[in-house]
Amino acid sequence: MNIIIKRFDKYKEPNSIDMSYPVFEGLTLLENFLKIKTTIDPTLVFSGVCRSGVCGSCSVMVNGKAKLACSYKPKNGDYIEPLGYHEVQRDLIVDKNKAHYTLKTSHSWLNGEAKVENSPKVTVQSDCILCDSCYSACPVLVVNGDFLGPFALTKVYRYTLQSNDNKTSIDAIQKNGIWDCTLCGECTIACPQGIDPKMDIMNLRSKSVQSGYNDPNFTNMDFGFGGFGFD
Amino acid sequence: MTTDILIIGSGGAGLSAAIKAKELGCDVVVATKTLPTNANTCMAQGGFNASNSDDVQTHIDDTLKSSRGIGSPVMIKTMCEKSNDALDWLLALGVPFSLDDNGKLANRFMGGSTNKRTYYAEDYTGLKILQTLYDTCLKNSITFKENYYLLNLIIDEDSKEVSGATFLDISSGEVREIRAKSVIIATGGYSGVYNGFTTNGFGSTGDGIAAVIRAGGIASDLEFVQFHPTALKKSSILISEAARGEGGYLVNSDGVRFIDELLPRDEVSRAISKELSQKKEVFLDVRHLGSEKLSHLLPQELKLCKIHEGLDMACDLIPIKSVAHYTMGGIEVDQKLQASRLKGCFAVGECSNAHIHGANRLGGNSLLEIISMGLIAGENASNYTPKKIEKENNQLLKDKAFINAIYSTFTNQINFYEKREFLGKILYHNAGVIRNDTGLKGVLSALRQMQKEFTFMGISDKSKEFNTNLVDFIEFGNALEVTEMILVGALHRCESRGAHYREDFPQTNDTFKSHSIFYKVDGVLCAEFLKESDCSTTASLHKKSVK
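Residues numbered from 1 in each chain as written. Chains lettered and ligands numbered in written order. Predicted model: local features only at pLDDT ≥ 70, side-chain atom pairs only at ≥ 80, totals over all residues. Heavy atoms only, no water.

**Q** What is the right way to read the sheet that holds strand β13 (residues 282-285) of chain B from this model?
**A** Residue and element names in this part refer to chain B. Spatially, four strands are ordered β11-β14-β13-β12 in an open sheet, and the strand pairing comes out antiparallel. One side of each edge strand has no neighbouring strand; the edge strands of this open sheet are β11 (225-232) and β12 (249-252). Here the average twist between neighbouring strands, direction ignored, is 50 degrees. As paired elements, β13 and strand β14 (residues 318-327) share two bridges and run antiparallel to each other. Bridging across to β14, Phe-283 finds its partner in Pro-319. (Pairing = 2+ DSSP bridges. Helix = DSSP H or I, 4+ residues; strand = E, 2+ residues; numbered from the N terminus. Axes fitted to C-alpha atoms, helices over the stretch in contact; angles between N-to-C directions.)

Quick look at the structure:
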């Protein structure tokens, strides 16, 4: 059994090559990376901390789908590459700064005072481990790199349920946010924690409408006038 | 780079301290060797101890009892009395703790506790706390330096005042310094030295403790390591105490239950180790709970058994072993959490020894410690006024030279990954759950050999950027420093107390009702025992004459 890892080093020529490594059977993909590094090739670079699916650091693409390396058993011929829509730094390590900056842009924190009685409503949303699997699966980012993406919006939704002062965050997610989502559901499939960002985004749309916002896609249709207006 | 408060480590302790210091108007930089939230805090499942006014004295008594005579009544009282405030603080930030059917905060019993006082958020308490703290840090515009690996503290040789630290910037490979008015070390524990035999994540190598020792500070009680009874046999992945709390059995390969599963962790771990040493296997048996109950009560555990052992808890016996889980010892601090013998340098969380856990930690007190003490550390560091104006310091140059030497003069004729694995193994078998004089001396001599061979080890990867081979190697160097202290402490503590069990001295001996103290003089490790009353003021530790 072998797996293929897409290696990347910006100082090498060519800077990306596919390398095949034997699989240590019975071990997770993360344990395989570790075995490769300590016994075959110390130059292989990857991230990983907790080994048990809660720190979010080891996500990679396996055959085009985001997986936590610590929770996946490799199969013969698996093709491993770094997460999508992230700048690759070296091998399987990506720069998560841009993706995580969406947390700031979207004000995904508690505004106002906490409503403790609403804690049970956010049980699932608060399980997010910031692994970026959903972000890596989101097709909107192909066309709009500034899209806030699924995990930030799920966090915003979580905090809107926990607080009664949500104007700042609802305002912050109108542009490049909830209305840009195509509701394809790829994020929901990708999430290793069973979170449903698509549903959370739909709920944020309802909350936005209640706050006086409209669906810009709908208003832009302009019933055949092409959104040019009358002036 | 310059800031008011430099915090090293981005787990629960570091982030609580950061939020507090920022609230008090300080500029804060949090440096972490990974990304924020990639810390062991996220793995804490059990819960958070908080005691109301009726329970606080019992909470203090439970914690003191668990410390087996070497906990500080003053520090324990401080922590327990602040526990409710700490819980309220987390609730105000939006940590979604579980509620009971009446909409009140739900709590449960943990082993060793007289009253129900452990608050939880499903089986993801640590994760939810840590993520919420991080969101709060972003809200408060706290600066993070990611992929910054601590090398050394910047210290004035005469005044012993710490004015920052040097780091390997993993992303660029450059050595950099961050200067600060005060420094908080929150780098976590050292269970990772038991390589392959720990529930901890990668990198729990006691980096902060090693840095303090090199800077002339003190570490203490390193021999006290808590071993968790139920980790998966192949992967050492933690199976929560809840599995036994909910009615799980421990059986050996003859199908016999050999211990009361709900005894304290150290007693259960010893019983398991005895079975294993008789060439028997030990299993966790929860089959009688049924698949429906299991998926409701232990969803994480079901998933982990499936992934790591390929077993279904509902119909299979789960092979287990006891592995290193939590380290009670650490950086010796005074009652203000300031590192002894150093100035302007605070330590908090698992890396510190605030004499709260003593010889063994009470379940639910670790999350409480990182939050309540994190807030105190943030406050005390904010109030610290540096005595000296910054002087020239050559630590940055020294560390640049050290990194260059690893690239150019360390010969790499010995594979340190092999040594790391070997050390983990002999440490686990000889300085683990059950210890004795011969075994400890054997490991100590193997360890000293590795220290001698260090320059014949080295790195195969000569790249500058994201050289994790280099980070692993420096971590191994820290592990060697910390392990020496574990072994010396365990060897000289000729008694059994809490998590430290010597089969050649099975009784507790009050001659040793004291703290093991470690420091370096001219690069040589020195150790002695000090009574709690002598540790309670830094004065005595400062007065200790340097030999």
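**Q** How do you make sense of unusual backbone geometry when you look at a structure like this?
**A** That bond from Glu-13 of chain A to Pro-14 of chain A is cis: its omega, -5 degrees, falls within 30 degrees of zero. Along the chain, the position of Pro-14 of chain A falls in the loop between β1 (2-8) and β2 (16-22). The residue Arg-68 of chain B is not glycine, and still its phi comes out positive at about 55 degrees. Non-glycine residue Asp-522 of chain B carries a positive phi angle of around 50 degrees.

**Q** So what exactly am I meant to see when it comes to the interface of chain B and chain A here?
**A** By convention, interface size is frequently given as the accessible area that disappears when the constituent parts associate. Contact with chain B, which involves 52 residues of that partner, is made by 54 residues of chain A. Carbon and sulfur atoms make up 55% of the surface buried where chain B meets chain A, a total of about 4300 Å² over both sides. A per-residue breakdown of the area chain B buries against chain A is headed by Asp-135, Phe-202 and Phe-466 of chain B, which together make up 16% of the total. Between Lys-155 of chain A and Asp-135 of chain B there is a salt bridge whose closest N-O contact spans 2.8 Å. Summed over the shared surface of chain B and chain A, the number is 25 residue pairs in polar contact (both at pLDDT 80 or more). Taken together, the elements giving at least two residues each to the side of chain B that touches chain A come down to α4 (83-93), α5 (125-139), α10 (299-309), α13 (416-430) and α15 (468-492) of chain B. With eight residues, α5 of chain B is the largest single contributor of residues to the side of chain B that touches chain A. Taken together, the residues of the side of chain B that touches chain A sort by class into 21 nonpolar, 21 polar and ten charged. (Contact = heavy atoms within 4.5 Å. Buried area = accessible area lost by both parts, 1.4 Å probe. Salt bridge = Lys/Arg side-chain N within 4 Å of Asp/Glu carboxyl O. Polar contact = N/O pair within 3.5 Å; in protein donor to acceptor, adjacent residues only side chain to side chain. Nonpolar A, V, L, I, M, F, W, Y, C, P; charged D, E, K, R; others polar.)

**Q** Whenever I open this one, the pairing of strand β19 (residues 524-530) of chain B confuses me. Can you help?
**A** On any regular strand, side chains alternate: one points to one face of the sheet, the next to the other face. Residues and elements named next belong to chain B. Bridging between strand β18 (residues 515-521) and β19 involves seven bridges; their strand directions are antiparallel. The partner of Lys-520 across the bridge, within β19, is Leu-525. Linkage of β18 to β19, two consecutive antiparallel strands, is achieved through a turn of two residues, within which Asp-522 is found at a positive phi near 50 degrees.

**Q** I'm lost on the nonpolar core in this one. Help?
**A** The nonpolar side chains of a soluble globular protein tend to be buried with one another. The biggest cluster of nonpolar side chains holds 194 residues, and the ones touching the most others in it are Phe-33 of chain A together with Leu-6, Phe-48, Leu-153, Tyr-194 and Ile-371 of chain B. Those residues within four positions of Ile-371 of chain B in sequence are excluded, and the remaining contacts are Gly-12, Ser-16, Phe-48, Ala-86, Trp-89, Leu-90, Ile-129 and Leu-133 of chain B. (Core = buried A, V, L, I, M, F, W, Y, C linked by side-chain atoms within 4.5 Å. Buried < 20%, exposed > 50% of the residue type's maximum accessible area, 1.4 Å probe, protein only.)

**Q** In this structure, what is going on with the sheet that holds strand β5 (residues 79-81) of chain A? I would like to understand it.
**A** Within a beta sheet, neighbouring strands are joined by backbone hydrogen bonds and run either parallel or antiparallel to one another. Residue and element names in this part refer to chain A. Pairing within the open sheet is mixed, and its five strands lie in the order β2-β1-β5-β3-β4. Of all the strands in the sheet, the pair left with one neighbour each is β2 and β4 (65-68). Strand-to-strand twist of the sheet, defined as the mean angle between neighbouring strand axes without regard to direction, takes the value 35 degrees. For β1 and β5, the ladder comprises two bridges, and the chain directions are parallel. Across the sheet, residue Ile-5 finds its bridge partner in β5, namely Ile-80.

**Q** I keep staring at the pattern of salt bridges and nothing clicks. Help me out?
**A** Oppositely charged side chains can form a pair if their charged atoms are brought close together. All names here are of chain B. Across all of its chains, the model carries 37 salt bridges over all chains by this definition. Taking the shortest distance from any N to any O, the salt bridge between Glu-484 and Arg-448 comes out at 3.0 Å. Of the two residues, Glu-484 is situated in helix α15 and Arg-448 in helix α14 (residues 437-453); the sequence distance between them amounts to 36 residues. Here Arg-448 falls in the partly exposed class, since its relative accessible area comes to 36%. Members of the salt-bridge network, linked through shared partners, are Asp-221, Glu-223, Arg-493, Glu-495, Arg-497 and Asp-510.

**Q** I tried to follow the domain arrangement of chain A on my own but got confused; where do I start?
**A** Residue and element names in this part refer to chain A. By domain assignment, chain A separates into domain 1 (2-95) and domain 2 (97-213). The centre of domain 1, based on its C-alpha atoms, is set 28 Å off from the matching centre of domain 2. Counting from both sides, the interface comprises 14 residues of domain 1 and, opposite them, 17 residues of domain 2. Counting the surface lost from both domain 1 and domain 2, the interface buries some 1100 Å², and carbon and sulfur atoms represent 52% of this. Those elements that provide at least two residues to the side of domain 1 that touches domain 2 are β3 (59-62) and β4. Top element by residues in the side of domain 1 that touches domain 2 is β4. It accounts for three residues. Its residues assigned to classes, the side of domain 1 that touches domain 2 comprises seven nonpolar, five polar and two charged. (Domains from an automatic or database assignment.)

**Q** Help me out: how do you make sense of the confidence of the model for chain A in this one?
**A** In regions of low pLDDT, the predicted coordinates are not meant to be interpreted in detail. Across chain A, the average pLDDT comes to 94, with 94% of residues at or above 70. Counting contacts from residues 226-231 of chain A, a segment whose pLDDT is below 50, to residues more than four positions away or on other chains yields six contacts. (pLDDT = per-residue confidence, 0-100.)

**Q** Is there a simple way to think about the domain arrangement of chain B in this case?
**A** All names here are of chain B. Taken domain by domain, chain B consists of domain 1 (2-223 + 326-383), domain 2 (230-323) and domain 3 (395-515). Centre-to-centre, using C-alpha coordinates, domain 2 lies 30 Å away from domain 3. Across the boundary between the two partners, domain 2 contributes eight residues, which contact six residues of domain 3. Summing both partners gives a buried area of about 570 Å² for domain 2 against domain 3, and 66% of it is carried by carbon and sulfur. Applying the counting criterion to the domain 2 and domain 3 interface returns zero salt bridges. Here domain 2 and domain 3 share one residue pair in polar contact (both at pLDDT 80 or more) between them. Within the residue set of the side of domain 2 that touches domain 3, elements represented by two or more residues are α8 (265-277) and β14. Considering every element that reaches the side of domain 2 that touches domain 3, the biggest residue donor is α8, with five residues. Residue classes in the side of domain 2 that touches domain 3 are distributed as one nonpolar, three polar and four charged.

**Q** Whenever I open this one, the packing of aromatic side chains confuses me. Can you help?
**A** In this description, a pair of aromatic rings is defined by centroid distance and the angle of the planes. All names here are of chain B. With the rule as written, the count across this model stands at 17 aromatic pairs over all chains. Ring geometry for Phe-346 versus Tyr-384: centroids 6.3 Å apart, planes at 80 degrees, classification edge-to-face. Residue Phe-346 is found in strand β16 (residues 345-347), and its partner Tyr-384 is found in the loop between α11 (365-383) and α12 (395-408); the two are separated by 38 residues along the sequence. For the residue pair Phe-346 and Tyr-384, the accessibility class agrees, reading buried in each case. Consider the rings of Phe-410 and Phe-454, whose centres lie 5.9 Å apart with planes at 90 degrees: the pair is edge-to-face. (Phe/Tyr/Trp six-rings, centres within 6.5 Å; stacked < 30°, edge-to-face > 60°.)

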